[in-house]
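This is what each chain is made of:
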Amino acid sequence: MTWIVVPAFNEEKNIKKTILGLLENGYRNIVVIDDGSMDNTAGLAKETGIKVISHLINRGQGASLQTGHEYVLKAGAEIIVDFDADGQFDPMDISSAIEKLKQENLDVVLGSRFLDDRSQMPFSKKYFILPFARFINRFCTGIKLTDVHNGFRVFTRKALEKIEITQDKMAHNTQIVSQIKKNKFCFAEVPVKVSYTNYGQRWYGGLEIIKDLIVNFFIK
Amino acid sequence: MIFAQIILFLIFIFLFFKTGLKWKKKELSFGETFGWSLIWFFGLVLTIKPDTASYFAKILGIGRGVDLAIYTALIILFYLHFTLIVRLEKTNREITRLTREKALEDKEKKV
């Protein structure tokens, strides 16, 4: 059974389109984690008939994903897909990622915007922010990836049972890659298309991630 | 003793007193009480004998006693600030855990 986990915060403009795209592609098991949105994200998601879990207050994307992961594991998910709510991912990419996971007997598949030229990234992001972020990610995790901080991931149940996200905000991406390394999971990257409707995370968001990773080091 | 010294002396005595009181009320552990008392003690010594700072500054290769006091204060402030950040993050994680449990519990009730 495949489950799609969609963390959402103030996404009333995109949530319905995102969910309908997933439904049209045959994915029926979808859970949206409404992360304390102040708009009608939860209401619109419920209208589509899928499962919606609501955080009373905003806790961040990492926290939402962990909530979603716990829910789908309890629901008996065998394959779990993390998928952003902002409508920037293409649902058609899910099937090829799952196919790769199964065919190559992998534990995790990560999406990459750099493996084909379908993603039209903003210039500054493509040539400055992401290469620097990639370097930081490699330094922190020891894993060399072609992309960084991409919300598209596919896990097997076995892998997800061992991954715990304690980073509530955006540093969860680095934390997940760290846990892939720590647990010696077999992983691969697949090309994904990201259609930019907004700029997304800016360079100072990266500084926040570095701060969170440093603080995390002292909490353990 | 000049006026500033008298004021500082009284402040440090007050801080000693407050620390002792907090220990008595069990709001501070023995280690914390000892640590804070040590800081107030050095403050008192430096207030009564300001030349002591210059003596230690020379040993450490820092020019003036007042520079040593500023550097020490900066290190202590930085440490305390960092401790606060870590404590805040721990509290945040607790809040997230509670939010998650409530969200999952509510979902289960609805099913």
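Residues numbered from 1 in each chain as written. Chains lettered and ligands numbered in written order. Predicted model: local features only at pLDDT ≥ 70, side-chain atom pairs only at ≥ 80, totals over all residues. Heavy atoms only, no water.

J.: Lay out the layout of surface pockets in plain terms, naming residues and giving numbers.
T.: Residues and elements named next belong to chain B. The space that makes up the second largest pocket amounts to roughly 760 Å³. Lining the second largest pocket are 27 residues, with Phe-42, Gly-43, Leu-46, Ala-69 and Thr-72 sitting closest to its centre. The set of elements that each furnish at least two residues to the lining of the second largest pocket consists of helix H1 (3-24), helix H2 (30-48), helix H3 (51-60) and helix H4 (65-110). Considering every element that reaches the lining of the second largest pocket, the biggest residue donor is H2, with 10 residues. Considering only residue class, the lining of the second largest pocket consists of 20 nonpolar, 7 polar and no charged. (1 Å grid on protein atoms, 1.4 Å probe; cavity = no way out; pocket = protein on both sides within 12 Å on 5 of 7 lines; lining within 4 Å. Points joined across faces, edges and corners; volume = space filled by probe spheres on them. Helix = DSSP H or I, 4+ residues; strand = E, 2+ residues; numbered from the N terminus. Nonpolar A, V, L, I, M, F, W, Y, C, P; charged D, E, K, R; others polar.)

J.: Please set out the interface of chain A and chain B residue by residue, giving values where relevant.
T.: Interface size is commonly expressed as the accessible surface area that is lost when the partners come together. Every contact between the two is made by 22 residues of chain A and, on the other side, 17 residues of chain B. Between chain A and chain B, the buried area comes to about 1,800 Å², and carbon and sulfur atoms account for 62% of it. Three residues stand out in chain A for area buried against chain B, namely Arg59(A), Val215(A) and Ile219(A), and they jointly supply 29% of the buried area on that side. Between the two partners, chain A and chain B, sit 1 salt bridge. Between chain A and chain B we count 8 residue pairs in polar contact (both at pLDDT 80 or more) in total. For the side of chain A that touches chain B, the elements supplying multiple residues, two or more each, are strand S3 (51-55), helix H3 (61-74) and helix H8 (203-219) of chain A. A per-element tally of the side of chain A that touches chain B places H3(A) first, with 6 residues. (Contact = heavy atoms within 4.5 Å. Buried area = accessible area lost by both parts, 1.4 Å probe. Salt bridge = Lys/Arg side-chain N within 4 Å of Asp/Glu carboxyl O. Polar contact = N/O pair within 3.5 Å; in protein donor to acceptor, adjacent residues only side chain to side chain.)

J.: Describe the side chain of Gln167(A), naming the residues involved and giving the relevant values.
T.: Residue position: Gln167(A) is located in the loop between helix H6 (157-160) and helix H7 (172-182). For Gln167(A), the contacting residues outside a window of four places in its chain are Gly62(A), Ala63(A), His172(A), Gln175(A), Asp212(A), Leu213(A), Asn216(A) and Arg93(B).

J.: Mind laying out empty space enclosed by the protein, listing which residues take part and the relevant values?
T.: Residues and elements named next belong to chain A. Within this structure, the stated rule accounts for 2 cavities of 30 Å³ or more. In this model, the largest cavity occupies a volume close to 100 Å³. As for the largest cavity, its lining consists of Leu-110, Gly-111, Asn-137, Leu-145, Asp-147, Val-148, His-149, Asn-150, Arg-153, Asn-173, Val-177 and Glu-189. When its residues are assigned to classes, the lining of the largest cavity shows 4 nonpolar, 5 polar and 3 charged. In this structure, the second largest cavity encloses a volume near 40 Å³. Taken together, Pro-7, Gln-61, Leu-65, Asp-82, Phe-83, Asp-84, Gly-151, Arg-153 and His-172 form the lining of the second largest cavity. For the lining of the second largest cavity, the per-class residue count stands at 3 nonpolar, 3 polar and 3 charged.

J.: Which residues make up the nonpolar core, and what are the values?
T.: Ranked by size, the top nonpolar core spans 32 residues in total, and within it Ile4(A), Val6(A), Ile15(A), Val32(A), Ile94(A), Phe152(A) and Val154(A) carry the most contacts. If you list the elements that add at least two residues to this core, you get strand S1 (2-8), helix H1 (15-24), strand S2 (30-35), helix H2 (41-47), strand S4 (79-82), helix H4 (92-103) and strand S7 (187-191) of chain A. Residues contacting Val6(A), with those up to four places away along its chain left out, are Ile15(A), Leu22(A), Ile30(A), Val31(A), Val32(A), Ile33(A), Phe83(A), Asp84(A) and Ala85(A). Within the second largest apolar cluster, 26 residues are counted, among which are Ile163(A), Val177(A), Phe185(A) and Leu104(B). (Core = buried A, V, L, I, M, F, W, Y, C linked by side-chain atoms within 4.5 Å. Buried < 20%, exposed > 50% of the residue type's maximum accessible area, 1.4 Å probe, protein only.)

J.: Which residues make up H1(B), and what values go with them?
T.: All names here are of chain B. When the terminal C-alpha atoms of H1 are compared, their 32 Å separation across 22 residues agrees well with the 32 Å that a helix rising 1.5 Å per residue should span. Taken together, the buried residues of H1 touch H2. Lys-26 occupies a position one or two residues after H1 and carries a positive phi of about 65°. (Expected span 1.5 Å × (residues − 1).)

J.: Hey, could you go over unusual backbone geometry for me, with residue numbers and the actual values?
T.: Trans peptide bonds make up most of the peptide bonds, and negative phi angles are found at most residues other than glycine. Positive phi is not limited to glycine here, since Asn105(A) has a value of about 55°. The phi angle at Lys184(A) is positive, at roughly 55°, despite the residue not being glycine.

J.: Any details on the packing of aromatic side chains? Residues and values, ideally.
T.: Residues and elements named next belong to chain A. Under the definition given, this model contains 10 aromatic pairs over all chains. Aromatic side chains Trp-3 and Tyr-71 sit 5.9 Å apart centroid to centroid with 85° between the ring planes, which places their arrangement in the edge-to-face category. Note that Trp-3 is positioned in strand S1 and Tyr-71 in helix H3, a separation of 68 residues in sequence. In this structure, Trp-3 and Tyr-71 share a single accessibility class: buried. Put simply, the rings of Phe-83, Phe-89 and Phe-152 touch in pairs and so form one group of aromatic residues. (Phe/Tyr/Trp six-rings, centres within 6.5 Å; stacked < 30°, edge-to-face > 60°.)

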